[in-house]
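Residue-level structure breakdown
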Amino acid sequence: MIAAVCVKQVPMLIDLRFDTQAGRMVRDGVRLQANPLDNIATLTTVAALAGVDNAEVVALCMGPPQSEAVLRHAIGLGADRGILVCDPLLAGSDTLATARVLVAAIRRLGATLVVLGRHSIDAETGQTGAMVAGLLDWPVLSAIRALELTPGGVRAQRETDDGVQTVEASLPVVLTVADSAGRERWPSAEDRERAAAAPLQTWDAGALRLEPAVVGSAGSPTSVGAVRLVTSDRRPVMLDGGPATAIEALCAALRRAPSVGAADPRPGGARPPGSGVWAVVEAGPAGLRRVSRELVGAAAELADALGGPAVAVALGAEAADRVAEAGAWGADAALAVPSAGTARGDPALHAAALGALIRDRSPAAVLLPSTTWGREVAGIACAQLGLGLTGDAIGFEVGPGGLLALKPALGGALVAPIASSTVPAVATVRSGALAVAALSGSACPVEVVRPSLAAPRVVETSFVADAGEADLTWATTVFCAGMGLGEDGIALLQRCARQAGASVAATRRVCEAGWLPRRLQVGLTGHSIAPQLYVAAGVRGAFEHLTGIRRAAVVVAINTDPQAPIFEACDYGMVGDAHTLLPLLAERLAAARSAPQPLAVGSTSATTTEEYS
């Protein structure tokens with residue numbers, strides 16, 4: 001068997017600079033590297049195929065001539081050979097055009113197992129794997145953290161937004177690998193020598209029989225506008241004078257801070273009929289997710305600008321049972337496909353159902369959650385329909401040219417407006433990126449649709465739900481642990497959070513160290529949250545993490561390092577030891593919960609969609 005591992009060359013984020021006057025990235029002097037998650041994908045594939053007779057791991061890269069370095073790096077990690085797809089015609093390819101190129105190479109190679117990193121650190125869309133699967137019409141297993149071959153197929157453990165799922169699928173299959181699958185390592189000197197001597201093949205568009213109209217800028221349905229530098233609108237206030245004095249000043253400031261509530265209600269039923277704007281809702285353990293409410297509110301706003309109704313779309317029985325609630329968030333109507341499997345089922349079934357609805361109803365725009373499930377469904381459906389897809393949007397604008405989706409890139413340091421030349425415009429949206437809609441108190445009419453669907457090709461063998469912490473996306477008060485807190489400080493933070501009625505969160509490095517579970521991770525590759533109060537304890541403040549707290553009402557930073565970047569992105573900062581300051585803050589927050597003048601931080605640590613209904 002042949003396994004193709006798709007690898008990519010990306011810039012080192014630490015080297016990137018932005019020219020604010022020219023509105024562009026400064027690429028001179030920027031070092032390049034192999035995408036870290038692609039390295040983990042290579043190591044995972046090599047390990048899974050070790051000892052399998054006649055198995056070959058081929059590294060596949062689309063890029064300019066200097067991308068040969070990425071292929072040699074993959075060979076050094078254990079790949080058997082490398083293929084570079086290189087042609088000036090491919091320049092400017094978006095994710096759909098890139099997927100077309102990769103699929104043509106995969107077919108020529110004859111691979112039956114295709115593996116990619118979950119996302120790349122430059123674009124961060126996390127949708128190319130699903131698009132490749134959609135074009136190949138193969139099943140896709142995203143965010144896997146463990147892999148083994150079975151007779152004729154694979155068994156994998158995969159991360160979902162609710163827990164760990166064990167699934168099986170027959171070959172051929174597409175996999176994307178999560179960073180939790182393992183750690184990066186560098187090839188040894190001997191491995192580098194072997195890789196340097198290995199022959200590489202180069203294929204161009206002609207060798208893959210690719211027409212110019214379907215690749216590069218010509219074949220890309222999405223285009224990027226002028227990139228914008230992300231700047232924080234917070235005005236940090238540093239609090240000093242000793243621990244007790246600093247906490248007293250903080251609590252006084254919080255008492256004066258306005259409480260951030262839901263956006264103004266937008267009652268349904270007032271918009272004219274037409275193609276409309278769709279919000280695809282997703283169910284979690286406690287009902288519809290917070291991001292579903294955000295999407296419906298955004299759909300209502302966009303429907304006011306674009307015309308037509310705001311429509312909530314539910315795929316699967318769990319979401320279909322609750323979709324009428326979307327009327328209270330501004331939806332005019334709902335479409336429900338209860339026969340599309342379960343929320344953890346084969347995403348290809350949900351994508352097929354969504355594709356059938358789009359072809360039949362022709363909406364102007366479709367919004368999906370940027371969850372594991374939402375990225376899979378959107379990627380497959382858009383690839384099969386030839387639609388442009390913007391991944392991980394954090395906002396929208398409507399101008400003379402139509403809808404623009406605002407997408408963060410390069411660790412959240414930049415925002416790029418993305419336009420789509422195809423209709424509907426499709427985007428996935430991060431939870432916590434948009435305001436939740438206020439409740440209007442009314443349900444909406446639901447039309448049940450039952451399209452003809454194929455049998456599932458992914459079989460779930462077990463599922464272990466995350467236990468403990470409530471859904472972080474609904475939390476109103478959050479205590480977040482950073483590496484500066486130290487492993488011995490985790491128990492202290494948890495005790496303080498319980499006392500204050502807060503939820504616990506963590507940075508990526510804390511989760512990678514195993515101090516807290518990955519389900520508590522906040523940031524670019526974790527949750528996006530919008531609490532009333534976010535307390536960062538020992539958090540350095542990398543852009544990747546700050547992306548996940550952009551909608552927090554009040555950010556408080558505690559760090560022993562006065563130069564920590566978090567102090568440039570907070571509302572209130574305290575230079576000091578979190579081991580001393582956290583207990584004082586927790587005591588004051590606990591007392592304030594029942595005080596006549598409560599602090600502007602909400603009264604509960606987490607609220608589910610059920611409780612908001």
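Below, the structure is looked at part by part.

Digging into the sheet that holds strand 9 (residues 140–150)
- Pairing is mixed across the open sheet formed by ten strands, whose spatial order is 13-7-6-1-8-12-9-10-11-29. A single partner strand is all that each edge strand has here, and the edge strands are strand 13 (200–203) and strand 29 (458–465). Going from strand to strand, the sheet's axes swing by 30 degrees on average, the running direction of each strand aside.
- Across seven bridges, the pairing between strand 10 (residues 153–159) and strand 11 (residues 163–170) is antiparallel.

A word on the pairing of strand 25 (residues 402–409)
- With six of eight residues buried, strand 25 lies mostly within the body of the structure.
- In this structure, strand 24 (residues 395–399) lies alongside strand 25, joined through five bridges in antiparallel fashion. Bridge pairing links Phe396 to Ala405 in strand 25.
- What sits between the antiparallel neighbours strand 24 and strand 25 is a turn of two residues.
- Here strand 25 pairs with strand 26 (residues 414–420) via six bridges, running antiparallel. For Leu404, the partnering residue across the bridge sits in strand 26 and is Ala419.

Looking at the environment of Arg145
- Assignment of secondary structure puts Arg145 in strand 9.
- Considering only alpha carbons, one finds Arg145 and Arg158, 13 residues apart in sequence, at a separation of 5.6 Å.
- Those residues in contact with Arg145 that sit more than four places away from it in its chain are Gln157, Arg158, Glu159, Val164, Ser180 and Ala181.

About the cut-offs
Residues numbered from 1 in each chain as written. Predicted model: local features only at pLDDT ≥ 70, side-chain atom pairs only at ≥ 80, totals over all residues. Heavy atoms only, no water. Pairing = 2+ DSSP bridges. Helix = DSSP H or I, 4+ residues; strand = E, 2+ residues; numbered from the N terminus. Axes fitted to C-alpha atoms, helices over the stretch in contact; angles between N-to-C directions. Buried < 20%, exposed > 50% of the residue type's maximum accessible area, 1.4 Å probe, protein only. Contact = heavy atoms within 4.5 Å.

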